[in-house]
Amino acid sequence: MTASHDVIVIGSGAAGLTAALALAESRRVLVLAKGSLTGGSTAWAQGGIAAVLDAGDTFEEHIRDTMIAGAGLNRRETVEFVIEHAPQSIDRLVELGVPFNQEAGALHLTREGGHSQRRIVHVNDATGWAVQEALLRAAEANPNITLLPGRACIDLITGRNAEQFSGSGRVWGVYALDEASGRVEAHVARATILATGGAGRVYQFSTAPRGATGDGIAMAWRAGARVSNMEMMQFHPTCLYNLEVKNFLITEAVRGEGGVLLNPRTGHRYMPDYDDRAELAPRDIVARANDSEIKRDGLDCVHLDISHQSPEFVKHHFPNIYEKLLTLGIDMTREPIPVVPAQHYTCGGVLIDLAAHTDLPGLWAAGECTESGLHGANRLASNSLLECFVFGEAAASDILARWDTLDHPPAIREWDESRVTDSDEEVVIKQNWTEIRRMMWNYVGIVRTTKRLERAQNRIDLLGREIEDYYGSFRVTTDLIELRNLHQCADLIVRSALKRHESRGLHYTLDYPATLPEARDTVLIP
Ligand code: FAD
Ligand code: SIN
């Protein structure tokens, strides 16, 4: 089946729905999502959205904080572009009905690591869910938007898939697996936007949802787009340590509101030993400190303690976390929370410009699947949702501005299943998933060495042959699509990490502990 649309948006998180809503003023938009429409990271965001809204704050300070956290690898023009558009993005969310917390008639601003000011707007400790709901409500009400969940996109359609074969990298849409019927559909359009989120699940421990398998990054790479800074994988310092609940985040705002980190063996508050900003140092520093305490003392976890604040204060600021922890037998108003670092955010991705355009004609990208230049070597807390809103809008504006120059898609070949059969050994998928994620955690984690990266590269090469053989022989399933993409992203991360001969931001290697005088992006060319 081939279906034709004006614009296709792949992903129904903050970036995808922002773009779809802006485009739908004049164009018909198809939004495709793997699994449910709320399955991305957006719905899980806790802390909030950074924006300069207080009279005592300035764009310049937010820019400086972003560049300090990013260890100078950020592109200044992108940082300025995003931060200067932030207040406008918040206004639009308020118009859409996001019920941000208020205090004394103004938006309440909380604080997170790396921010020199209180500048995070939030909805209690579940900001992402409120944002996702508001965007989805607006999209569902818009007659120009068709939402199609349960579609796992496999590969971008380019000139190579046209009936009149052409070597052109022009993107015409995407092949997508209907997860219910198992059939593969071809969706074509004059413009396509990737908004598929990050690749966090490439690591064994991650705060990201199950579907964060880097599909968009891998699809764009295979279609011929450059990716950059994939070695910059962010680890959040405080993921709940619990043997049953493996990926529950304890928001950085707990530290912003006074929470301290303690060594459970000695009770010592150790962050001031590592950095003058103590618990509010940028994430890479706090995550490395936690990792170092855990490894040095052979601990299972460290402790995050906010029990010195009144129970009313804690319950008022963190109602969802408080309730969730109570169900696990932890009362955060009286006792510390056991926490460990876990992968949290993919700073690298598909290279885009300020118009959210990728290298490939017909393809735009926004949100966590991109490398826009905003985050550099380490994302500043709560700058990510903001990036989704600003670049979702930018993609839509650029497509609308160029509309008359965008050609209609040519006739496209249907998905060819003539040479594959149903799999008779699903165990291969499970084994490879587990192997990649464990290997990435152990060899390509918070602290790296060249030897370990080389070991990882050898294993990735080996697994690659097995996965490609399997992919070429059997009908696609969502698990297989994700495994292929996880493997692709692991390869991009390791290759990028091996190219960086310094320690900067999130890339910390014992073999090159110094930071080079000049900050350079790691750009991989397909
Ligand atoms: P997502 O919201 O992840 O959406 C991706 C979409 O793409 C989904 O709809 C998914 O189904 C779809 N998709 C993926 N692959 C395919 C495919 N193959 N085919 C079809 N569809 C596909 N950032 C902040 O700024 N503030 C915070 O407080 C904050 N808290 C966070 C807390 C947690 C626990 C996590 C995990 C992240 C947090 N972040 C936060 C980061 C932020 O939530 C994400 O970076 C952001 O939501 C990404 O939005 P997105 O639109 O790019 O992608
Ligand atoms: C958090 O609430 O700690 C996450 C914020 C973010 O990832 O930006």
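Scroll up a little and you will see the structure.
A few points on the structure. (Residues numbered from 1 in each chain as written. Chains lettered and ligands numbered in written order. Predicted model: local features only at pLDDT ≥ 70, side-chain atom pairs only at ≥ 80, totals over all residues. Heavy atoms only, no water.)

### So, helix H12 (residues 427-443)
Logical step 1: In this model, H12 (17 residues) spans 24 Å end to end at C-alpha, consistent with the 24 Å of a helix rising 1.5 Å per residue.
Logical step 2: Residues of H12 that are buried include every one of Val-428, Ile-429, Asn-432, Trp-433, Ile-436, Arg-437, Met-439 and Met-440, and no others. Angularly, the buried residues of H12 cover 165° about the axis, an arc narrow enough to put them on a single face. In H12, the exposed residues that point more than 90 degrees away from the buried face are Val-427 and Lys-430.
Logical step 3: Against helix H13 (450-473) and helix H14 (478-499) lie the buried residues of H12. (Helix = DSSP H or I, 4+ residues; strand = E, 2+ residues; numbered from the N terminus. Expected span 1.5 Å × (residues − 1). Buried < 20%, exposed > 50% of the residue type's maximum accessible area, 1.4 Å probe, protein only. Arc of directions from axis to C-beta. Contact = heavy atoms within 4.5 Å.)

### Examining the side chain of Asn-290
Logical step 1: By the element assignment, Asn-290 lies in helix H8 (residues 283-297).
Logical step 2: Ignoring sequence-local partners within four residues, the contact set of Asn-290 consists of Pro-237, Thr-238, Leu-261, Tyr-270, Val-302 and Pro-341.

### Re the nonpolar core
Logical step 1: Core analysis: the largest hydrophobic core is formed by 128 residues, its most contacted members being Ile-49, Ile-193, Ile-399 and Met-440.
Logical step 2: The contacts of Ile-399, once residues within four sequence positions are left out, are Val-7, Leu-23, Ala-191, Ile-193, Trp-364 and Leu-406.
Logical step 3: By size, the runner-up hydrophobic cluster in this structure holds 30 residues, among which are Leu-240, Val-245, Val-286 and Ala-289. (Core = buried A, V, L, I, M, F, W, Y, C linked by side-chain atoms within 4.5 Å.)

### A closer look at the site of ligand 1
Logical step 1: In the vicinity of ligand 1, 37 residues are found, and the nearest of them are Thr-42, Gly-48, Asp-215, Glu-368 and Ser-384.
Logical step 2: Here Ser-41 contributes a backbone N or O atom positioned 2.8 Å from an oxygen atom of ligand 1.
Logical step 3: The contact in question runs from a nitrogen atom of ligand 1 to an N or O atom on the backbone of Cys-153, over 2.8 Å.
Logical step 4: Taken by itself ligand 1 offers 1,000 Å² of open surface, and the protein chains cover 97% of this. (Near = heavy atom within 4 Å. Polar contact = N/O pair within 3.5 Å; in protein donor to acceptor, adjacent residues only side chain to side chain. Areas by Shrake-Rupley, 256 points an atom, 1.4 Å probe, with all protein chains shown as cover.)

### Observations regarding the packing of helix H1 (residues 14-23) against helix H11 (residues 384-402)
Logical step 1: Relative orientation of the contacting elements H1 and H11 amounts to 35°, with a least axis distance of 8 Å. Both H1 and H11 take part in a crossing whose hand is right-handed. Every residue of H11 that contacts H1 at Ala-14, Ala-15, Thr-18, Ala-19, Ala-22 and Leu-23 is listed here: Leu-385, Cys-388, Phe-389, Gly-392, Glu-393, Ala-396, Ile-399 and Leu-400.
Logical step 2: Of the residues belonging to the contact of H1 with H11, the class tally is eleven nonpolar, two polar and one charged. (Axes fitted to C-alpha atoms, helices over the stretch in contact; angles between N-to-C directions. Left-handed = near helix turned anticlockwise from the far one by under 90°. Nonpolar A, V, L, I, M, F, W, Y, C, P; charged D, E, K, R; others polar.)

### Considering H14
Logical step 1: Taking 1.5 Å per residue as the helical rise, H14 with its 22 residues ought to reach 32 Å, and the 32 Å between its terminal C-alpha atoms agrees with that figure.
Logical step 2: Of all 22 residues that make up H14, 18 are buried, and the element is covered over most of its length.

### Focus: the pattern of salt bridges
Pairs can form between side chains of opposite charge once their charged atoms are near each other.
Logical step 1: Throughout the structure, instances matching the rule amount to 37 salt bridges.
Logical step 2: In this structure, Glu-279 and Arg-269 form a salt bridge, with 2.6 Å as the shortest nitrogen-oxygen distance. Here Arg-269 lies in the loop between strand S14 (260-262) and helix H7 (271-274) and Glu-279 lies in the loop between H7 and H8, a separation of ten residues in the sequence.
Logical step 3: Owing to a relative accessible area of 4%, Glu-279 belongs among the buried residues under this scheme.
Logical step 4: Residue class for Arg-269 comes out partly exposed when judged on its relative accessible area of 37%.
Logical step 5: For the salt bridge of Asp-491 with Arg-495, the shortest nitrogen-to-oxygen distance reads 3.1 Å. Of this pair, Asp-491 and Arg-495 both sit in helix H14, four residues apart, which is roughly one turn of the helix.
Logical step 6: Relative accessible area serves as the criterion here: at 31%, Arg-495 is assigned to the partly exposed category. (Salt bridge = Lys/Arg side-chain N within 4 Å of Asp/Glu carboxyl O.)

### Structural notes on the packing of aromatic side chains
Logical step 1: Per the counting criterion, the structure on display carries seven aromatic pairs.
Logical step 2: One aromatic cluster is present, built from ring pairs that chain together Tyr-203, Phe-205, Phe-235 and Trp-441.
Logical step 3: For Arg-170, the ring lying beneath its charged end belongs to Trp-172, and the centroid distance is 3.9 Å.
Logical step 4: Across from the ring centre of Tyr-345, 4.1 Å away, lies the NZ or CZ of Arg-379, which sits over that ring. (Phe/Tyr/Trp six-rings, centres within 6.5 Å; stacked < 30°, edge-to-face > 60°. Lys NZ or Arg CZ within 6 Å of the ring centre and 35° of its normal.)

### Quick notes on the sheet that holds strand S6 (residues 109-110)
Logical step 1: Pairing in this open sheet of three strands is antiparallel, and the strands run S3-S7-S6 from one edge to the other. Of all the strands in the sheet, just strand S3 (49-50) and S6 have a single pairing partner and so form its edges.
Logical step 2: Looking at chain direction, S3 and strand S7 (residues 120-121) are connected through two bridges and run antiparallel. Its bridge partner lying in S7, Ala-50 is registered against Ile-120. (Pairing = 2+ DSSP bridges.)

### Brief notes about the environment of Leu-177
Logical step 1: As for its position among the elements, Leu-177 is in strand S10 (residues 171-178).
Logical step 2: Once residues within four sequence positions are removed from consideration, Leu-177 is found in contact with Gly-150, Arg-151, Ala-152, Ile-154, Gly-182, Arg-183, Val-184, Val-476, Thr-477, Thr-478 and Ile-481.

### Here's the deal with the pairing of strand S13 (residues 233-240)
Logical step 1: Summarising burial for S13: eight of the eight residues are buried, a large majority.
Logical step 2: Of the pairings in the sheet, the one linking S13 to strand S16 (residues 337-346) comprises six bridges and is antiparallel in character. Looking across to S16, one finds that Phe-235 is bridged to Gln-343.

### Remarks on the sheet that holds strand S15 (residues 302-305)
Neighbouring strands of a sheet are bound in pairs by backbone hydrogen bonds; such pairs are parallel or else antiparallel.
Logical step 1: Strand order in the open sheet formed by four strands is S13-S16-S15-S14, with antiparallel pairing between adjacent strands. Strand pairing shows two members of the sheet lacking a second neighbour, S13 and S14, which therefore form its edges. Neighbour-to-neighbour, the strand axes of this sheet turn through a mean angle of 45°, independent of strand direction.

### Observations concerning the packing of helix H5 (residues 215-223) against H14
Logical step 1: Interaxial distance between H5 and H14 falls to 8 Å at its minimum, and their mutual angle equals 75°. Taken together, the axes of H5 and H14 are roughly perpendicular relative to one another. Seen from H5, the contacting residues are Asp-215, Ile-217, Ala-218, Trp-221 and Arg-222; seen from H14, they are Glu-482, Arg-484, Asn-485, Gln-488, Cys-489, Leu-492 and Arg-495.
Logical step 2: The residue makeup of the contact of H5 with H14, split by class, is five nonpolar, two polar and five charged. (Parallel < 35°, antiparallel > 145°, perpendicular 65-115°, else oblique.)

### Some words on the environment of Glu-252
Logical step 1: Along the chain, the position of Glu-252 falls in the loop between S13 and helix H6 (253-256).
Logical step 2: Classification of Glu-252 by relative accessible area gives buried; the value is 1%.
Logical step 3: Spatially, the C-alpha atoms of Glu-252 and Leu-240 are 12 Å apart, while their sequence positions differ by twelve residues.
Logical step 4: The residues touching Glu-252, leaving out its near neighbours within four places in the chain, are Arg-111, Glu-112, Gly-113, His-236, Arg-283 and Ala-381.
Logical step 5: At 2.7 Å, the side chain of Glu-252 and the backbone nitrogen of Gly-113 are in polar contact.

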